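# Observations on the model geometry
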Amino acid sequence: MAVTTRMLGRSGIEVSALGMGCWAIAGPWAEGSQPLGWGAVDDDESVRAVRRALELGVTLFDTADTYGAGHGERVLGRALAGHRDEAVIATKWGYTFDEAARQATGEDASPAYLRRAVTASLRRLGTDRIDLYQLHLGDLPVHRAEALFAACEDLVAEGLIRAYGWSTDRADRAAALGQEAPGAGAVQHALSVLRDAPEVLAVCDKYDLASINQGPLGMGLLTGKYTAASTLPRDDVRGLTPGWLEWFRGGRPAPEWLRRVGAVRAALTADGRTLAQGALGWIWARSGRAVPIPGCRTVAQVEENAAALHRGPLPADQFVEVERQLAALRTAALRDADRPHWPRPTHPQTHP
């Protein structure tokens, strides 16, 4: 059964059930010598990929001001020029960067920075409003986040943003958003067949928030194109692997995660789906609020992912078989609640 649209929680904003993650099209940037991008990209191909996604019914495009140190927003704005009213733009703020040097520089959780950040994002995106504006600092203490949500309410009143949310894997932070932020629409968090998120999904159900899912394809592991022999280039964040990135280690797919992919491959592809399409179908079967945002860099990737919309959620028997295969593995995969949230700076700046 096809799945085509979802609501961004209580915001009233309707989006396609599949979004496009725009981290990978942002190009190179780094924190010191640590790459944070996915290597060199072809901006023209990125523009074609975004426009093809629109043609195939994908309306949600998720980026962040820090992706490419601003370049990601510029590319997305270029791609949506002339098509703005067809798209729902989600971006994020909270990390600071030097756009000219293409360097991450820290973080800033002050309301004053929020105002500067939204103005800069609007300019780079070439738009007069942001549909979903997300706090990117996943571990920020709740009392500091509440001040930012109050500032977001002002931005909603001014028409600069339509709704806001929090990019966090912490259920307590998600609950604070649901309780304290009337204009909130979504929580963005990690979710994939390899890593479930039952506590955050329960919060989304309780407070009528959408669940926007980063990493739905395990940064490429669930596309099936990587093996134990694969090596990622050193200008790719997966190639010079930082500590917070779990799927790859030393520039290679982590063996324990490849084993989990192998455990579910047959069940995910049993009805003729590709592995990636099966992984997306699992997410839709898992939650009626879920909107996965797989990253894409090419038209071909967009086309494969968008075809999953017509397949819809995994049938119940396939979903049950996936869960059976993963029952023992998943417990070992889960980490504690304070798992670092990307991209946590090595030496975060302190701001009031």
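Residues numbered from 1 in each chain as written. Predicted model: local features only at pLDDT ≥ 70, side-chain atom pairs only at ≥ 80, totals over all residues. Heavy atoms only, no water.

## Some words on the overall build of the protein
Note the cut-off: Secondary structure elements are taken from DSSP: a helix is a run of H or I of four residues or more, a strand is a run of E of two residues or more, and numbering for both begins at the N terminus. Radius of gyration: C-alpha atoms only; globule rule: 2.2 Å multiplied by the number of residues to the exponent 0.38. We call a residue buried when its accessible area falls under 20% of the maximum for its residue type, exposed when it is over 50%, and partly exposed in between, using a 1.4 Å probe and counting protein chains only. For this analysis, residues touch if any pair of their heavy atoms sits within 4.5 Å. Accessible surface is estimated by sampling points in the Shrake-Rupley manner with a 1.4 Å probe; for residues, cover comes only from the protein chains shown.
The number of helices and strands found in the protein is ten helices and 16 strands. Radius of gyration (C-alpha) of the protein: 19 Å, near the 20 Å computed for a compact globule of 352 residues. C-alpha atoms of the protein, sized along the principal axes, occupy 50 × 40 × 40 Å. Across the 352 residues in the protein, those meeting the buried criterion constitute 58%. Once local pairs closer than 6 in sequence are excluded, the contacts in the protein between residues at least 24 apart make up 74%. Carbon and sulfur atoms provide 53% of the accessible area of the protein, an area that totals close to 13400 Å².

## What about the sheet that holds strand E12 (residues 184–190)?
Our working definition: In this analysis, strands are considered paired if DSSP registers two or more bridges between them. Inter-axis angles, ranging from 0 to 180 degrees, are taken between N-to-C directions of lines fitted to C-alpha atoms, where helices are fitted over the stretch in contact.
Strand order in the open sheet formed by eight strands is E3-E6-E7-E10-E11-E12-E13-E16, and the pairing between neighbours is parallel. At either end of the open sheet lies a strand with only one pairing partner, and these are strand E3 (19–21) and strand E16 (290–292). Across the sheet, the mean angle separating the axes of adjacent strands is 25° when strand polarity is ignored. Note that strand E10 (residues 130–135) and strand E11 (residues 161–167) share five bridges and pair parallel. For Gln-134, the partnering residue across the bridge sits in E11 and is Gly-165. In the packing of helix H6 (residues 198–207) onto the sheet, the strands contacted are E12 and strand E13 (210–214), and the crossing angle to E12 comes to about 170°. Strand contacts of helix H8 (residues 275–286): E13 and E16, with the helix running at about 160° to E16, the strand carrying the most contacts.

## Observations concerning H8
Because an α-helix packs 3.6 residues into every turn, residues spaced three or four apart end up facing the same way. Rules: For a helix, the expected span equals 1.5 Å multiplied by the number of residues minus one.
Here H8 is twelve residues long and its end C-alpha atoms lie 17 Å apart, about the 16 Å a rise of 1.5 Å per residue gives. For H8, the tally of buried residues reaches ten of twelve residues, placing the bulk of the element in the interior. Listing the buried residues of H8 in full gives Leu-275, Ala-276, Gln-277, Gly-278, Ala-279, Leu-280, Gly-281, Trp-282, Ile-283 and Trp-284.

## Digging into the layout of surface pockets
This is how the line gets drawn: Cavities and pockets are defined on a 1 Å grid built over the protein atoms alone: a cavity is a set of grid points where a 1.4 Å probe fits but cannot escape, while a pocket is an open set with protein on both sides within 12 Å along at least five of seven lines, and lining residues are those with an atom within 4 Å of any such point. Grid points are joined across faces, edges and corners, and a volume is the space filled by probe spheres set on the points. Only Asp, Glu, Lys and Arg are considered charged in this grouping, and only Ala, Val, Leu, Ile, Met, Phe, Trp, Tyr, Cys and Pro are considered nonpolar; every other residue, Gly among them, is considered polar.
When its volume is computed, the largest pocket comes out at roughly 760 Å³. Along its surface, the largest pocket is lined by 40 residues, and Trp-23, Trp-38, Gln-214, Gly-215 and Met-219 are the ones closest to its centre. Secondary structure elements with two or more residues in the lining of the largest pocket: E12 and helix H9 (299–311). Looking at the lining of the largest pocket element by element, the count peaks at three residues for H9. Of the residues belonging to the lining of the largest pocket, the class tally is 19 nonpolar, twelve polar and nine charged.

## Re the packing of aromatic side chains
Each aromatic ring pair is described using two quantities: the centre-to-centre distance and the angle formed by the ring planes. The condition that has to hold: Two rings from Phe, Tyr or Trp (for Trp, the six-membered ring) form a pair when their centres are within 6.5 Å of each other. A pair whose planes differ by under 30 degrees is stacked, one over 60 is edge-to-face, and the rest are tilted. Here, over-ring charges are defined by two tests on the NZ atom of lysine or the CZ atom of arginine: distance to the ring centre within 6 Å, and angle to the ring normal within 35 degrees.
Applying the stated criterion to the full structure yields nine aromatic pairs. An angle of 85° between the planes, with centres 5.4 Å apart, marks the rings of Trp-23 and Trp-38 as edge-to-face. You can see Trp-23 sitting in the loop between E3 and strand E4 (30–31) and its partner Trp-38 sitting in the loop between strand E5 (34–35) and helix H1 (43–55), a full 15 residues away along the chain. Taken individually, Trp-23 and Trp-38 each receive the classification buried, so the pair is uniform in this respect. Ring centres 5.9 Å apart and planes at 20° place the aromatic pair Trp-282 and Phe-319 in the stacked group. With Trp-282 in helix H8 and Phe-319 in helix H10 (residues 316–333), this residue pair connects regions lying 37 residues apart in the sequence. On the basis of relative accessible area, Trp-282 is assigned to the buried category, the value being 0%. A connected cluster of aromatic rings, assembled from ring pairs, spans Trp-23, Trp-29, Trp-38 and Tyr-67. Here the guanidinium or amino end of Arg-238 rests over the ring plane of Phe-248, the centre of that ring lying 5.6 Å away.

## Some remarks on the environment of Leu-132
If you trace the backbone, Leu-132 turns up in strand E10. For Leu-132, a relative accessible area of 0% puts it in the buried group. Not counting residues within four places of it along the chain, the set of residues in contact with Leu-132 comprises Leu-8, Ile-89, Ala-90, Thr-91, Ala-163, Tyr-164, Gly-165, Ala-186 and Ile-212.

## Let's talk about the packing of H1 against helix H2 (residues 71–80)
Just so we agree on the cut-off: When an angle is under 35 degrees it counts as roughly parallel; over 145 it counts as roughly antiparallel; between 65 and 115 it counts as roughly perpendicular; any other value is oblique. In this scheme, a crossing is called left-handed if the near helix is turned counterclockwise away from the far one by less than a right angle; it is called right-handed if the turn is clockwise.
One can describe the packing of H1 onto H2 by two numbers: an axis separation of 9 Å at closest approach and a directional angle of 55°. For the element pair H1 / H2, the angle class is oblique. For the crossing formed where H1 meets H2, the hand is right-handed. Only His-71, Val-75, Leu-76, Arg-78, Ala-79 and Leu-80 of H2 make contact with H1, whose side of the interface consists of Asp-43, Asp-44, Ser-46, Val-47, Val-50, Arg-51 and Leu-54. Looking at side-chain class alone, the contact of H1 with H2 contains seven nonpolar, two polar and four charged residues.

## Points about the pairing of strand E9 (residues 103–107)
Here strand E8 (residues 95–98) pairs with E9 via four bridges, running antiparallel. Residue pairing in the sheet places Thr-96 in a bridge with Gly-106 of E9. Counting the residues in the hairpin turn of E8 and E9 gives four residues, including Arg-102, whose phi is positive at 55°.

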